[in-house]
Protein chains: 4
Amino acid sequence: MSNEAPAFTPEVDATIAAVRAEVAALHGELVRNGLVVWTGGNVSGRVRVGDDPGADLFVIKPSGVSYDDLTPENMILCDLEGNAIPGTPGSERSPSSDTAAHAYVYRHMPDVGGVVHTHSTFAVAWAARGEEIPCVITAMADEFGGPIPIGPFAIIGDDSIGRGIVQTLTGHRSRAVLMQNHGPFTIGVNTKDAVKAAVMVEDVARTVHYAREAGPMIPIPQDAIDSLYNRYQNVYGQSEDTRR
Amino acid sequence: MSNEAPAFTPEVDATIAAVRAEVAALHGELVRNGLVVWTGGNVSGRVRVGDDPGADLFVIKPSGVSYDDLTPENMILCDLEGNAIPGTPGSERSPSSDTAAHAYVYRHMPDVGGVVHTHSTFAVAWAARGEEIPCVITAMADEFGGPIPIGPFAIIGDDSIGRGIVQTLTGHRSRAVLMQNHGPFTIGVNTKDAVKAAVMVEDVARTVHYAREAGPMIPIPQDAIDSLYNRYQNVYGQSEDTRR
Amino acid sequence: MSNEAPAFTPEVDATIAAVRAEVAALHGELVRNGLVVWTGGNVSGRVRVGDDPGADLFVIKPSGVSYDDLTPENMILCDLEGNAIPGTPGSERSPSSDTAAHAYVYRHMPDVGGVVHTHSTFAVAWAARGEEIPCVITAMADEFGGPIPIGPFAIIGDDSIGRGIVQTLTGHRSRAVLMQNHGPFTIGVNTKDAVKAAVMVEDVARTVHYAREAGPMIPIPQDAIDSLYNRYQNVYGQSEDTRR
Amino acid sequence: MSNEAPAFTPEVDATIAAVRAEVAALHGELVRNGLVVWTGGNVSGRVRVGDDPGADLFVIKPSGVSYDDLTPENMILCDLEGNAIPGTPGSERSPSSDTAAHAYVYRHMPDVGGVVHTHSTFAVAWAARGEEIPCVITAMADEFGGPIPIGPFAIIGDDSIGRGIVQTLTGHRSRAVLMQNHGPFTIGVNTKDAVKAAVMVEDVARTVHYAREAGPMIPIPQDAIDSLYNRYQNVYGQSEDTRR
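Residues numbered from 1 in each chain as written. Chains lettered and ligands numbered in written order. Predicted model: local features only at pLDDT ≥ 70, side-chain atom pairs only at ≥ 80, totals over all residues. Heavy atoms only, no water.

Rules: UniProt positions are given in the numbering used here, feature names are shortened, and annotations may be inferred rather than shown by experiment.
By the naming in an unreviewed UniProt entry, chain A is L-ribulose-5-phosphate 4-epimerase, taken from Microbacterium murale. On record in UniProt, under Catalytic activity (unreviewed entry), the comment for chain A is "L-ribulose 5-phosphate = D-xylulose 5-phosphate". The UniProt entry for chain A carries this comment under Cofactor (unreviewed entry): "Zn(2+)".

1. Describing the overall build of chain A
Note the following rule: In DSSP terms, a helix is any run of H or I states spanning at least four residues, a strand is any run of E spanning at least two, and both are numbered starting from the N terminus. Only C-alpha atoms enter the radius of gyration; for comparison, a globular chain is expected to reach 2.2 Å times N to the power 0.38, where N is the number of residues. Between buried and exposed lies partly exposed: a residue is buried under 20% and exposed over 50% of the maximum accessible area for its type, with that area taken using a 1.4 Å probe on protein chains only. In what follows, a contact means two residues having at least one pair of non-hydrogen atoms within 4.5 Å. Note on areas: these come from Shrake-Rupley sampling with a 1.4 Å probe, and a residue is covered only by the protein chains present in the view. Only four residue types enter the tally: Lys and Arg on the positive side, Asp and Glu on the negative side, with His and both chain ends excluded. To locate a charge, take NZ of a lysine, CZ of an arginine, CG of an aspartate or CD of a glutamate.
On a plain count of helices and strands, chain A comes out with seven helices and seven strands. Seen in sequence order, chain A has helices and strands lined up from the N terminus as α-β-β-β-α-β-α-α-β-α-β-β-α-α. Against the compact-globule benchmark of 18 Å for 244 residues, chain A has a radius of gyration of 18 Å, which places it among compact chains. With the C-alpha coordinates of chain A rotated into their principal frame, the extents come out at 60 × 35 × 30 Å. Counting across all 244 residues of chain A, residues that qualify as buried make up 59%. In chain A, once contacts between residues fewer than 6 apart in sequence are set aside, the share between residues at least 24 apart is 65%. About 8,900 Å² of surface is accessible on chain A, with carbon and sulfur atoms providing 51% of the total. Averaging the coordinates of the 18 positive side-chain charges in chain A and doing the same for the 30 negative ones gives two points 5 Å apart.

2. Remarks on the packing of aromatic side chains
Selection rule: What counts as a ring pair is set by centres within 6.5 Å for rings of Phe, Tyr and Trp (its six-membered ring), and what kind of pair is set by the plane angle: stacked under 30 degrees, edge-to-face over 60, tilted for all other angles. For a Lys NZ or an Arg CZ to count as sitting over a ring, it must be within 6 Å of the ring centre and within 35 degrees of the ring normal.
For the structure shown, the criterion picks out 16 aromatic pairs over all chains. Seen in terms of ring centroids, F122 of chain A and Y210 of chain D are 4.3 Å apart; in terms of plane orientation they differ by 35 degrees. Their pairing is tilted. In this pair, F122 of chain A sits in helix α3 (residues 121-129) while Y210 of chain D sits in helix α6 (residues 191-213), so the two residues belong to two different chains. When its relative accessible area of 4% is taken as the criterion, Y210 of chain D is described as buried. Three or more aromatic residues joined by ring pairs form one cluster here, namely F122 and Y210 of chain A, F122 and Y210 of chain B, F122 and Y210 of chain C together with F122 and Y210 of chain D. Residue placement shows R129 of chain C over the ring face of W126 of chain C; its charged tip is 4.8 Å from the ring centre.

3. Structural notes on the relation of the copies chain B and chain A
Test applied: In this comparison the copies share one frame, found by least squares on the C-alpha atoms of residues holding pLDDT of at least 70 in both.
The two copies are related by a screw operation: chain B maps onto chain A through 90 degrees of rotation and 0.0 Å of translation along the axis, at an RMSD of 0.0 Å. The relationship between the two copies is best expressed as a four-fold rotation axis. No C-alpha of chain B approaches the rotation axis more nearly than that of E213 of chain B, which lies at 5.7 Å. Little of the interface of chain B is mirrored in chain A, where only 7% of its interface residues are also at the interface.

4. Side note on the interface of chain B and chain A
Filter applied, for reference: Buried area, as used here, totals the accessible surface that two parts lose on assembly, with accessibility defined by a 1.4 Å probe and the loss added over both. Salt bridges are counted wherever a side-chain nitrogen of Lys or Arg sits within 4 Å of a carboxyl oxygen of Asp or Glu.
Contacts between chain B and chain A engage 29 residues on the former and 34 residues on the latter. In this assembly, chain B packs against chain A so that about 2,700 Å² is buried in total across both faces, 58% of it on carbon and sulfur atoms. Between chain B and chain A we count one salt bridge in total. Where R32 of chain A meets D68 of chain B, a salt bridge forms, and the shortest distance between an N and an O atom there is 3.0 Å.

5. With respect to the confidence of the model for chain A
We apply this condition: By definition, pLDDT measures how confident the predictor is in each residue, and it falls between 0 and 100.
Summarising the model, chain A shows a mean pLDDT of 94, and 94% of its residues fall at 70 or more. Taken together, the chains of this predicted complex give a pTM of 0.96 and an interface ipTM of 0.94.

6. Considering the relation of the copies chain A and chain D
With an RMSD of 0.0 Å, chain A superimposes on chain D once it is rotated by 90 degrees and translated 0.0 Å along the axis. A share of only 7% of interface residues in chain A that are also interface residues in chain D marks the association as one of differing surfaces.

7. Observations concerning the sheet that holds strand β2 (residues 57-60) of chain B
Residue and element names in this part refer to chain B. Test applied: One bridge is not enough; two strands pair if DSSP finds at least two bridges between them. Every axis in this analysis is a line fitted to C-alpha atoms, fitted for helices over the stretch in contact. Angles between the N-to-C directions lie between 0 and 180 degrees.
Taken in spatial order, the seven strands of this open sheet run β3-β2-β1-β4-β7-β6-β5, and their pairing is mixed. If you trace the sheet from one side to the other, it starts and ends with β3 (76-79) and β5 (150-151), each paired once. Pairing geometry for strand β1 (residues 42-47) and β2, over four bridges, is antiparallel. Looking at the pairing, R46 lines up with F58 of β2. Against the sheet, helix α1 (residues 10-32) engages β1, β2, β3 and β4 (114-117), with an angle of about 160 degrees to β1.

8. Focus on the sheet that holds strand β5 (residues 150-151) of chain C
Residues and elements named next belong to chain C. If you walk across this open sheet you meet the seven strands as β3-β2-β1-β4-β7-β6-β5, and the pairing is mixed. The sheet terminates laterally at β3 (76-79) and β5, the two strands that pair on one side only. Across two bridges, β5 lies against strand β6 (residues 176-179) in parallel orientation. Paired with I150 across the two strands is L178, which belongs to β6. Most of the contacts of helix α1 (residues 10-32) go to strand β1 (residues 42-47), to which it runs at about 160 degrees, and overall it touches β1, β2 (57-60), β3 and β4 (114-117). Sheet strands in contact with helix α6 (residues 191-213) are β1, β4, β6 and β7 (183-188), and its direction is about 145 degrees off that of β7.

9. Re helix α5 (residues 160-169) of chain B
Residue and element names in this part refer to chain B. With eight of 10 residues buried, α5 is to be regarded as a mostly interior element. Within the span of α5, buried status applies to S160, I161, G162, G164, I165, V166, T168 and L169. As for α5, its buried residues are in contact with α2 (99-108), β5, β6 (176-179) and β7 (183-188). The positive-phi residue at the C-terminal boundary of α5 is G171, with phi of around 75 degrees.

10. Side note on the pairing of strand β4 (residues 114-117) of chain A
Residue and element names in this part refer to chain A. Burial of the side chains of β4 extends over both faces: G114 and V116 are buried on one face and V115 and H117 on the other. Here four bridges tie strand β1 (residues 42-47) to β4, and the two strands are oriented antiparallel to one another. Across the sheet, V43 pairs through a bridge with V116, a residue of β4. Note that β4 and strand β7 (residues 183-188) share four bridges and pair antiparallel. Among the inter-strand pairings, G114 is bridged to a residue of β7, identified as G188.

11. Looking at the packing of helix α1 (residues 10-32) of chain A against helix α6 (residues 191-213) of chain A
Residues and elements named next belong to chain A. Rules: For classification purposes, angles smaller than 35 degrees are called roughly parallel, those larger than 145 roughly antiparallel, those between 65 and 115 roughly perpendicular, and all remaining angles oblique. Put simply, Ala, Val, Leu, Ile, Met, Phe, Trp, Tyr, Cys and Pro go in the nonpolar bin, Asp, Glu, Lys and Arg in the charged bin, and everything else, Gly too, in the polar bin.
As a packed pair, α1 and α6 sit with axes 10 Å apart at the nearest point and diverge in direction by 10 degrees. With respect to each other, α1 and α6 are oriented roughly parallel. Contact residues: α1 offers E22, V23, L26, E29 and L30, while α6 offers T191, K192 and V195. Looking at the contact of α1 with α6 residue by residue, the class counts come to four nonpolar, one polar and three charged.

12. Focus: the arrangement of the chains
What separates chain A from chain C at the closest point of their C-alpha atoms is a distance of 11 Å, and the two make no contact. Contact between chain B and chain D is absent, and the least distance between their C-alpha atoms amounts to 11 Å.

13. Comments concerning the environment of R93 of chain C
All names here are of chain C. Examined against the element boundaries, R93 turns out to sit in the loop between β3 and α2 (99-108). Assessed through its relative accessible area of 25%, R93 is described here as partly exposed. Expressed as a C-alpha distance, the spacing of R93 and I76, which sit 17 residues apart in the sequence, is 7.9 Å.

14. Notes on the pattern of salt bridges
All names here are of chain A. Taken as a whole, this structure holds 48 salt bridges over all chains when the rule is applied. The closest approach of N and O atoms between R107 and D159, which form a salt bridge, is 3.8 Å. Taken together, the residues span a long stretch of sequence, with R107 in helix α2 (residues 99-108) and D159 in the loop between β5 (150-151) and α5 (160-169) at a distance of 52 residues. Classification of R107 as partly exposed rests on a relative accessible area of 28%. Connected through salt bridges with shared partners, the residues E143, R175, D193 and K196 form a single ionic network.

15. What about the side chain of H27 of chain A?
Residues and elements named next belong to chain A. To keep it simple, the criterion reads: Under this definition, polar contacts are N or O atom pairs within 3.5 Å; protein pairs additionally need one hydrogen-donor-capable and one acceptor-capable atom, and for neighbouring residues in sequence, both atoms have to be side-chain atoms.
Structurally, H27 can be placed in helix α1. Its relative accessible area of 1% is what places H27 among the buried residues. In this structure the side chain of H27 is engaged in a polar contact, spanning 2.7 Å, whose partner is the backbone oxygen of V23. Ignoring sequence-local partners within four residues, the contact set of H27 consists of N42, V43, K61, Y67, L70 and M75.

16. Section: the pairing of β7 of chain B
Residue and element names in this part refer to chain B. Among the six residues of β7, six are classified as buried, and the element is accordingly described as predominantly covered. The pairing of β6 with β7 spans four bridges and is antiparallel. Residue pairing for β7: M179 is matched across the bridge by G183. Where β6 hands over to β7, the hairpin turn is made up of three residues, of which N181 adopts a positive phi near 60 degrees.

17. Overview of the interface of chain A and chain D
Between chain A and chain D, the contact holds 29 residues from the first and 34 residues from the second. Summed over both partners, the interface of chain A with chain D buries about 2,700 Å², with 58% contributed by carbon and sulfur atoms. The interface formed by chain A and chain D contains one salt bridge. Applying the counting criterion to the chain A and chain D interface returns nine residue pairs in polar contact (both at pLDDT 80 or more). Within the residue set of the side of chain A that touches chain D, elements represented by two or more residues are α3 and α6 of chain A.

Below is the structure:
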């Protein structure tokens, strides 16, 4: 494999630079929201290079590097098989050990623009019991449109994590899946949207944990869940910043 | 509707500027006290424009904007129907998605000077069970004069949230209501007072959650609750900073 | 009562200045350790003025003032009845609403150099059940020499809180008492020592809460508690910084 | 005993300086990760001085000093009996009250390059019950290769803590032991590795606490634990930063 950086169009170069900056910066939100410790957790963002989503790239953080040391330059540009693109900044390092799972999602879900993985406390607690989070608070209906599903137990090192994410989230309203015994993966139309989902899934995992601990919860009727979800997806936020 | 800003008296202009600054700044207390994540939560403040409280205005945050980016200038000035006043700073953006509920409270409770809404963890946990918080700690007797009540389940998008808040809090000592399956709304004589109530309701929701989890709690006799509440409302704090 | 500041010796003036500075600064430790919200909580320090401890003074924070705004100058100098000394800096404001309890402790426990009160979450949770914290962790044996006791239910506004603190802690190893339905008061040989006790009592209240929630705890034999307590009181820390 | 600093080779002097700086800085990670309060907790690092590990030294923090005041210069250089080396910077102060336990570990485990002790909340909660943390989350399999074991109850002041640590961790995959009724001690190939273990043991102690509180957890099959552990020890991180 050549060690020379490939020649992209100026437009793609600009997109790569923007995604590197965004992915590096958004890792800070994982720290700020208490979702990660030490070097755990990872954020990635898709780079759209043309009409064929199969030719897209993505940017992800290096493995085992402190959150304080993440910069646009040491983010790693990968192809959709999860291989670092030789000759590009950061490519001398190993990408996140979860890179294969991110790559699988980008290959099989062309609308996904961002992927996030953490071991946030309460989301992992539900995952350790293999129990979906029931939709008993309106913020969860707004954001996820129903319960947060559990994905299969999968060992790192082959495609099984990526496959479990894609199988669970395809056709599901939720942008978050709790991989059994492991933790949450979230997807979004862009990186920021996936990070928001990672923040919100821990928030609802924590709140519903405490709610249920103290007695029976009141279910939200399905038609109210549907109505909350539809309104939030279409109305919330500023027009320049809508999620979908 | 004209797009020109209305002409207020210099006194009202000064009040608007002061409320914009206060509302923008007090959003920072929600973050600092861990009551909100991402762009959730909202604070508003009444602008008194004359002798008729029905002609008052209020200032509220824009929808879906990061807490880091809130400034006096992007706060939105609304009439008591919840419509942004055209031509005023910030009016090109959508106000908070909870604006209708704030407006309803200002219309129906003329003494209310500030309204706050959050999805703070423990308050929402009680709300998901539809269970009022019993008054078993003296700080709660001081601040709320008894239990924190539950409001009805209400869907966003019409007046039902505002109506539920007003029906529950009218004639009640508590300045906080936990809307079922949703979360806390608090009111105050001014914005700071409503923010204080939002901070305190989460504090007591958390403390009483942990207290009850571990065994039976000791009730406080009603006459002691009354005595604590009356003293605190009349004596506490500096004379220039009393709440009522 | 004259409004002129009394004339102290230069030595007493220097002590007052030092205690004002220390008390103001140590309030910051309550915030940093998450023991207080809004304007709750208070720290005081004794000013020794001569051979008669009954003639001592103490310094305490003003009532209802934000932690951000506390300075040595707005701390309030009080006599042992809890009255602000007229003409001294800060005396135009009301002292903390818990001043009477601090004063009672200084009057009746001449060795006490500092008093702290908070509504820290887990300590209040034990207090709401009226349940002492059992000594099942070595850090608690080190610091408190046994369980943290419960004090009586007492209404603010007369001497009953101060009396409850003094009756409970006199002759007790613990420097912390959990006043029933109210919260922790801690004492120390100086202000810093009392603040340390406030930090440690919340730490052990939280840890033992979680420990017990999940199953039976292993008791520490009384002779081991004694041995840990005696060693820690005599050996720990630097000679210039020992507590006793 | 002479009060003159011993003459080391320039290489050893450089190593001492590097370990002092690293040990001082890494104490900050205990604070940042919420593992310690007040002056509790301690970090040490081995100084390799030649071919005989029995002649090594180690650097540890002084006893009872605020985390804000720790610097490379006030770290204390000790021999493997835990005695401060006279004449070296910091040697006029008492080393951490846990120094004997650190020394025992360095004497009996020549591969250990760093030791950390904290009273972090959830790890101590498991220790108060004398209950090992079961391996039900993949992050725990990665990092510790199985459950976190409990060490014996041991009183400070003789070799019993050190002996308990060494007996429990020798031949064990886990780099963390929960000393009964006391708290976690962690070891590592270097100081940073031991600090990482202290951060991770609290993270898994907390997550598994919450997981189990809410219902039965799903075990991870032993062969999956083995596979996760082996992969993580050999693959994770950058080649210049691997742990083993």
